[in-house]
Amino acid sequence: MAEMSAMNRKLIQNLAETLSKQVKHFNKTEAECLIRLFNGLLGDQSDRRVGNGLDRGKFRNILHNTFGMTDDMIMDRVFRAFDKDNDSYVSVKEWIEGLSIFLRGTLDEKIKYCFDVYDLNGDGYISREEMFHMLKNSLIRQPTEEDPDEGIKDLVEITLKKMDHDHDSRLSYADFEKAVRDENLLLEAFGTCLPDAKSILAFEQHAFQDTLER
Amino acid sequence: MGVALTRAAQWTTASSGTGKLEITPVNESLLKEILEFVEQFSSRHPQEAKHVFKEPLQWTTSLEASDFKTEYDISGPTVKSQETDRDGHPMLQLTPPSISVHSFSQLSKIVQLATDKRLKEVRACLEANRDPVAKMLGPSFATVEGEDSSVLRLLEKVKEGDQAKETEIKVKLIILLQQLDTQLLSNSLKQISQEVRLSPAAVKNDVELLKSFCSEGENRVLTSVQYTSDYEFTNGCRTPPWRQVHGEICYLVINPCDTQPLHITCSTAGVFLNGGIRQEGEENAYDRTSDVYKDLVTLLKSKSPHFAENINKQDFAVQEEPPTQKVQHVELVDAEEQGQPQRSYEHQEKNVHEKARQQLVQNKPGGKKKLEPSLKWKNLGLASPYDEADDKKSKKNAVSEKFAETQEKMQKKADFSVSSLPGRQSSNKTKTPGGVGGADDFSESSSESEEDEEQPERRTESNTDLPSEYWQIQKLVKYLKGGNQTATVIALCSMRDFNLAQETCQLAIRDVGGLEVLINLLDTEEIKCKIGSLKILKEISRNSQIRRAIADLGGLQTMVKILDSPDKDLKYLAAETIANVAKFRRARRTVRQHGGIKRLVELLDCVPDSAALTEEQEKDVEVARCGALALWSCSKSTRNKEAIRKAGGIPLLARLLKSPHENMLIPVVGTLQECASERSYRIAIQTEGMIEDLVKNLNCDNHELQMHCASAIFKCAEDKRTRDLVRQCEGLQPLVTLLSQADNKQLLAATTGAIWKCSISMENVAKFQDYKALETLVGLLTDQPEEVLVNVVGALGEGAQKPANRATIRKCGGIQPLVNLLTGTNQALLVNVTKAVGACATELENMTIIDRLDGVRLLWSLLKNPNPDVQASAAWAICPCIENAKDSGEMVRSFVGGLELIVNLLKSTNKEVLASVCAAIAKIAKDEENLAVITDHGVVPMLAKLTNTTDDKLRRHLAEAIARCCMWGSNRVLFGEAGAVAPLVRYLKSKDSSVHQATAQALFQLSKDPNNCITMHDNGVVKLLLGMMGSTDEVLQEAAAGCVANIRRLALANEKARYG
């Protein structure tokens, strides 16, 4: 067992070294901590299939518990954004790469990431329907209103008016990028998909210090 | 009474003489009034009632001896009163049918006796005595048309003084009678105004109508209606002109069906039967033979029963024709008017005549109604409900709105000129400030109190047709209220796309309750929402109403808390918003009371001067900049200045002062110059080496920054070390260079101010001389705002302390503009101008110019200025003028009342005024004639009164003045008697040597009077003077020695007298 853990450690260190070179925002130690954390999270998984990584449920739990996200659909989209190869599992590489943007991404990286999250069907555009879908729970519905969706529709129109610079009734990546650069607040225009400063701080503290101490 | 009787009472014939009082309502009420007056007279004014009339009132009475009771001697038909006058004549005498009465008391009695005949008696009396007042008080009181001078005449008599008692009664009597007169007049006026005045047109109409009744057939009412004359004058009358003056319009002969032809006179007063005018010329035919009726129909009804009966039926027939009036008319006849059928006719007839007038009356409100819904309200949607229908139709776009605005302005003008109904105006008023439209249109709406009043009303008003922004903003605010973070952020971002600098949007946000939501968002945990909210608040808080609303909603407290946030964006946004909101005192206090000053000072802590900044450092700088902005706003309150200092703000500001960024420097220097009004800051600015940085920034090319730097130097340079520092840092030259920026008045005011204060040091004056500053400054003496002028003149005044500069000012032509400024009213300016002129006057050549421009007279008249600073400064300036002017004694005498004026200033309580005036008096007294005049004005006791002062400056000039004033007449003795000597001796103990010199001279002069010598000696002057005799000051030496010599001489003479 000791031999195995020693080998594990060696493996982890090598992996961390490689990954820290591929990913911008983590040094080797930090990468190592995150790998350990990843492994720790994997450990509970009963049917352990090596190389597969975190499944959707596990990942959503983390998003919900650690980063305080609540919107099921957005969490689903965040999982997809992490799961680059679309195999329904977040591998250790995808984990590190994803967290790099998630926790420490530059504005550019975050714009790209958010756009990916919001482009539900992955066709390179955020359409009216996608917006409606994402915003549909953003307003308190008033039963007195004739059309409870009216507010949402209006909100979609407002958003389009503000962000759709080429007036094609959908947001291209260019539209989105320009709008966010003009007004940073629009980065998470269609739902919270990034952690706030507090949870980032808490997570990093937990991951980098507590893990090391172990 | 006289006026009322001649004017208001209606006499039968217009010509005077024995006329008869007609029986008309007016006359009746007149008589009743007079009756009441007479009846109550003896009880109300018993003394006056006994006054014996000059001539008795005599008339033909219907009273008989039997009517009289006690107090009367009845012998047969004649009656005499027991009451007699002083000569024994009875006060009342009745020899039927004539009666004569001598006093009001008897008149009262008659009235009481006459019972039911009393009205008749009064009438008879008045008819027989057309001017009763004249009879009562004598012919000089006869009622004369035009002026009434009876009281004056009486007063003259009072002056003559004889029979004072009787005259007094007469006065009272006439006053009472005049009161009655006015009362009568006003009453009859009321009646007259109630009466229907007929006009030619109305009569003509009547006649036409009556003519139409003269048809054949069974329902005819009249046989014929004819005028006596076919000729109609242009004024509509048909009577001869000499009758027209009596108001007669025309004469008619009407043949009713049932009676004799009626000869009728129509006059403006009414309609009546006359003596039967067929042709002109029968004089008595004009007289009235019947009652006066208000119109023809009424008369006819009373004279012809047939007419009265038939007119009603006729009514209907006639009324069919004008259908508009039918309804009203029928109704009247059918309903309540049955008893007086003629009324219905009247009504209709009146309608005909008054149609035009009524239309006018109706038009007024009608026309205004059309004006009322001003198009502006429509566009704002604030119109009152009854305008809504119209409003909805009006589709607005930019063009129509513009058009509407001009229309509205025009209409408003028209509106105000026409409208007279108060209700209408007030409704207009209340709406005006409610507009959310362009700020320029509603400048009055920015007054907060008015705005506050309007708020509740406006919210309840129907919201039709507000600008489209209003609706969109309202919708967004709804999303803010009912949305999650995502929706909120979208709504916030969308709201920022509106033109938040525009008042419409600013007020719309407030009016739809957006401010509450935005401020509530600041209390949440959502950073994005807070940022978005602050970004909006930051913009809209440029509006003063919004600022107050934010403060009212407690926004400042929340924002102060946000300053603690770790998020830098939040910090700087909050600080910037605070900077905008804290533009009024209450807000500044709130910031301080919630610990805002300390937190804002903490924001200043950053490293500003490293050349290459990282992104984070840049944010730190931005945070510090906004902190400085907020402190700048807050520093306008004195207690905040103190709080900033206590929070350690000064060293941080000093560090930021080294920043290379102008946008950082402006708020920092702004704060510093604001705080430099406090001494603690001035010292800190000097000791923390900030002068150097301020001087450095004078050289930048940002005018605002330069202005603040100059202004800071202006405030700090009161201190000598600071002035030296400015010079040592080579700050004087840039200041002079800045004088060329003459277009920027604020900058110019700050620069000239700095130059003025720096000029207080002579070293600096020398530097300015090198930089030729004075030449430029003289050029700035004309066409500048007062705040610049004050400083320019101040600088010249300081500069002119150097002789070379005095010549420079003259050579540059500065004397004339300076003298011209003496006529100004700004007191700060006057203080400086007088000082500058005074300084210039020390040069003979300058004095010649000042004299030529009559400058001394101007200075002298400034002694009348209520401000003691101006008085003192003018008096100081007068001193060199008197000294240097040619024929100054003559000049001073030429100022009428000038010497009295300056002597009276010795009553001032201001030490500086007293000192300056004493100095001036010392100069004036050099001229013997003038000294004589001021002695006459009592200068000696006034100066003596001042001697107890402890103020060395005043002591010195006072002693000078006393020394000079001793030279006339017995003034020396007078000073001694006034007790001026003993206090003067004490002056010698003063530490100020200039006091010693003046005092010694004064004592020397005073010692020429032996009594003064004794007083001096008693006060121990000799020892003090002996010390002074050893002084290096020769004048002092001489004066002291002279004084001691005089004392000694007296002592010797005394000894000689005693011991022989």
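What counts, and where the lines are drawn
- Residues numbered from 1 in each chain as written.
- Chains lettered and ligands numbered in written order.
- Predicted model: local features only at pLDDT ≥ 70, side-chain atom pairs only at ≥ 80, totals over all residues.
- Helix = DSSP H or I, 4+ residues; strand = E, 2+ residues; numbered from the N terminus.
- Buried ≥ 20, exposed ≤ 12 C-beta atoms within 10 Å, placed from the backbone.
- Contact = placed C-beta atoms within 7 Å.
- Pairing = 2+ DSSP bridges.
- Axes fitted to C-alpha atoms, helices over the stretch in contact; angles between N-to-C directions.
- UniProt positions renumbered as here; feature names shortened; annotations may be inferred.
- Nonpolar A, V, L, I, M, F, W, Y, C, P; charged D, E, K, R; others polar.
- Core = buried A, V, L, I, M, F, W, Y, C linked by C-beta atoms within 7 Å.
- Arc of directions from axis to C-beta.
- pLDDT = per-residue confidence, 0-100.
- Parallel < 35°, antiparallel > 145°, perpendicular 65-115°, else oblique.
- Left-handed = near helix turned anticlockwise from the far one by under 90°.

Per an unreviewed UniProt entry, chain B goes by Outer dynein arm-docking complex subunit 2 and derives from Salmo salar.

Going by what an unreviewed UniProt entry lists, chain A is known as Calaxin and is assigned to Hucho hucho.

Asks: So what exactly am I meant to see when it comes to the overall build of chain A here?
Replies: Within chain A, the secondary structure is distributed over 10 helices and 4 strands. Along chain A, helices and strands appear, N-terminal first, in the series α-α-β-α-α-β-α-α-β-α-α-β-α-α. Taken over 214 residues, chain A has a buried fraction of 35%.

Asks: Please explain the overall build of chain B as it appears in this structure.
Replies: From N to C terminus, chain B includes 60 helices and 9 strands. Within chain B, buried positions represent 44% of all 1060 residues. The long-range fraction of contacts in chain B, counting pairs at least 24 apart against all pairs at least 6 apart in sequence, stands at 68%.

Asks: Sorry if this is basic, but what is going on with the sheet that holds strand β7 (residues 248-256) of chain B here?
Replies: The strands that make up a sheet pair up through hydrogen bonds in the backbone, lying either parallel or antiparallel. Residues and elements named next belong to chain B. Ordered by their spatial adjacency, 4 strands build an open sheet running β6-β7-β8-β9, and the pairing between neighbours is antiparallel. Looking at the sheet topology across the chains shown, the edges are occupied by β6 (222-227) and β9 (270-273). Between one strand axis and the next, the sheet turns through 25 degrees on average, direction left out of account. Sheet analysis places β7 next to strand β8 (residues 262-267), joined by 6 bridges and oriented antiparallel. Within β8, the position partnered with I254 by the bridge is L262. The sheet contacts of helix α9 (residues 200-213) involve β6, β7 and β8, and relative to β6 the element is tilted by about 145 degrees.

Asks: Is there a simple way to explain the UniProt feature "domain: EF-hand" (unreviewed entry) in chain A in this structure?
Replies: Sequence positions flagged by UniProt for "domain: EF-hand" (unreviewed entry) are, in local numbering, residues 70-105 and 106-141 of chain A. Helix makes up 67% of residues 70-105 of chain A and strand 6%. Its end C-alpha atoms lie 22 Å apart.

Asks: Please clarify how the environment of L1025(B) should be interpreted in this entry.
Replies: Considering the arrangement of structural elements, one finds L1025(B) in helix α59 (residues 1021-1029). Excluding residues within four positions of it along the chain, L1025(B) makes contact with A1040(B), C1043(B) and V1044(B).

Asks: What's the story with the UniProt feature "repeat: ARM" (unreviewed entry) in chain B in this structure? I'm lost.
Replies: Within the UniProt annotation, "repeat: ARM" (unreviewed entry) is assigned to residues 554-596, 648-690, 897-939 and 979-1012 of chain B. For residues 979-1012 of chain B, helix accounts for 71% and strand for 0%, while the C-alpha atoms at its two ends are 9 Å apart.

Asks: Please explain the environment of A807(B) as it appears in this structure.
Replies: Within the element layout of this structure, A807(B) appears in helix α43 (residues 803-811). Separated by 36 residues in sequence, A807(B) and E843(B) have C-alpha atoms that sit 7.9 Å apart.

Asks: Sorry if this is basic, but what is going on with the interface of chain B and chain A here?
Replies: When the parts come together, some accessible area is lost, and that loss is often what is quoted as the size of the interface. Listed as interface residues are 18 residues of chain B and, on the opposing side, 18 residues of chain A. Looking at the side of chain B that touches chain A, the elements with two or more residues in it are α20 (468-482), α21 (485-496) and α24 (527-540) of chain B. If one sorts the elements of the side of chain B that touches chain A by residue count, α21(B) sits on top with 8 residues. In terms of residue class, the side of chain B that touches chain A is made up of 8 nonpolar, 7 polar and 3 charged.

Asks: Teacher, can you tell me more about helix α53 (residues 939-946) of chain B here?
Replies: It helps to recall that an α-helix has 3.6 residues per turn; residues three or four apart then point in one direction. All names here are of chain B. α53 sits mainly inside the fold: 6 of its 8 residues count as buried. Residues V939, V940, M942, L943, A944 and L946 constitute the buried set of α53. Elements that come into contact with the buried residues of α53 comprise α50 (898-904), α51 (911-924), α52 (928-936), α54 (952-965) and α55 (971-977).

Asks: Any chance you could explain the nonpolar core here in plain terms?
Replies: Note that soluble globular proteins tend to have their nonpolar side chains buried in a common cluster. Core analysis: the biggest nonpolar cluster contains 281 residues, and A575(B) and L943(B) have the highest contact counts within it. Those residues within four positions of A575(B) in sequence are excluded, and the remaining contacts are L563(B), L600(B), L603(B), V623(B), C626(B), G627(B), L629(B) and A630(B).

Asks: Before we go on, may I ask you to explain unusual backbone geometry in this structure?
Replies: What you tend to see is this: most non-glycine residues have negative phi, and most peptide bonds are trans. Residues and elements named next belong to chain B. A positive phi angle, near 60 degrees, is found at E730, a position not held by glycine. Structurally, the position occupied by E730 is in the loop between α37 (720-728) and α38 (732-738). Classification of E730 as partly exposed rests on a count of 14 C-beta atoms within 10 Å. Not every positive phi belongs to a glycine, and D854 is a case in point at roughly 65 degrees. With respect to the secondary-structure elements, D854 resides in the loop between α46 (844-852) and α47 (855-861). Overall, D854 belongs to the partly exposed group, with 13 C-beta atoms counted inside 10 Å.

Asks: So what exactly am I meant to see when it comes to the sheet that holds strand β2 (residues 72-75) of chain B here?
Replies: All names here are of chain B. Overall, antiparallel pairing links the 5 strands, which are arranged β1-β5-β4-β3-β2 in an open sheet. Among the strands making up the open sheet, the edge pair consists of β1 (57-60) and β2. The average angle at which neighbouring strand axes cross in this sheet is 10 degrees, direction not considered. Where strand β4 (residues 92-95) lies against strand β5 (residues 98-101), 4 bridges are found, and the strand directions are antiparallel. Directly across from L92, in β5, lies its bridge partner V101.

Asks: Explain the pairing of β9(B) here, please?
Replies: Residues and elements named next belong to chain B. Inspection of the sheet shows β8 paired to β9 by 4 bridges, in the antiparallel sense. Bridge assignment links T265 to a residue of β9, and that residue is F272. Between β8 and β9, which follow one another and run antiparallel, lie 2 residues.

Asks: Looking at this structure, I do not really get helix α40 (residues 762-770) of chain B. What am I missing?
Replies: All names here are of chain B. N764, V765, K767 and F768 are the residues of α40 that are buried. Projected onto a plane normal to the axis of α40, the buried residues spread over an arc of 160 degrees and lie on a single side. Within α40, the exposed residues directed more than 90 degrees away from the buried face are M762 and D770. Of the surrounding elements, those touching the buried residues of α40 are α37, α38, α39 (745-758), α41 (773-779), α42 (786-799) and α43. Positive backbone phi, at 55 degrees, marks K772, one or two positions downstream of α40.

Asks: What exactly am I supposed to notice about the confidence of the model for chain B here?
Replies: When pLDDT drops low, the exact placement of atoms in the prediction is not to be read closely. Residue and element names in this part refer to chain B. Mean pLDDT over chain B stands at 78; residues scoring 70 or higher make up 78%. Averaged pLDDT values over the elements of chain B bottom out at 37 in helix α19 (residues 448-460) and peak at 94 in helix α27 (residues 568-581). Ignoring residues within four places in sequence, the model shows residues 358-462, a span with pLDDT below 50, making 90 contacts including any to other chains. In the predicted assembly, ipTM is 0.90 and pTM is 0.60.

Asks: Even after reading the chapter, I still don't get the packing of α53(B) against α54(B), so can you show me in this structure?
Replies: All names here are of chain B. Where α53 meets α54, the closest approach of the two axes is 10 Å, and the angle between their N-to-C directions is 150 degrees. In terms of orientation, α53 and α54 fall into the roughly antiparallel class. Handedness of the α53/α54 crossing: left-handed. Contact residues: V939, V940, L943 and L946 in α53; L958, A961, I962 and C965 in α54. Its residues assigned to classes, the contact of α53 with α54 comprises 8 nonpolar, no polar and no charged.

Asks: Is there a simple way to think about the environment of A839(B) in this case?
Replies: Residue and element names in this part refer to chain B. For A839, the location among the structural elements is in helix α45 (residues 827-841). A count of 25 C-beta atoms within 10 Å places A839 in the buried class. Taking the C-alpha atoms as reference points, A839 and R806, separated by 33 residues in sequence, lie 7.7 Å from one another. Discounting residues that sit within four places of it in the chain, A839 has contacts with G797, A800, Q801 and R806.

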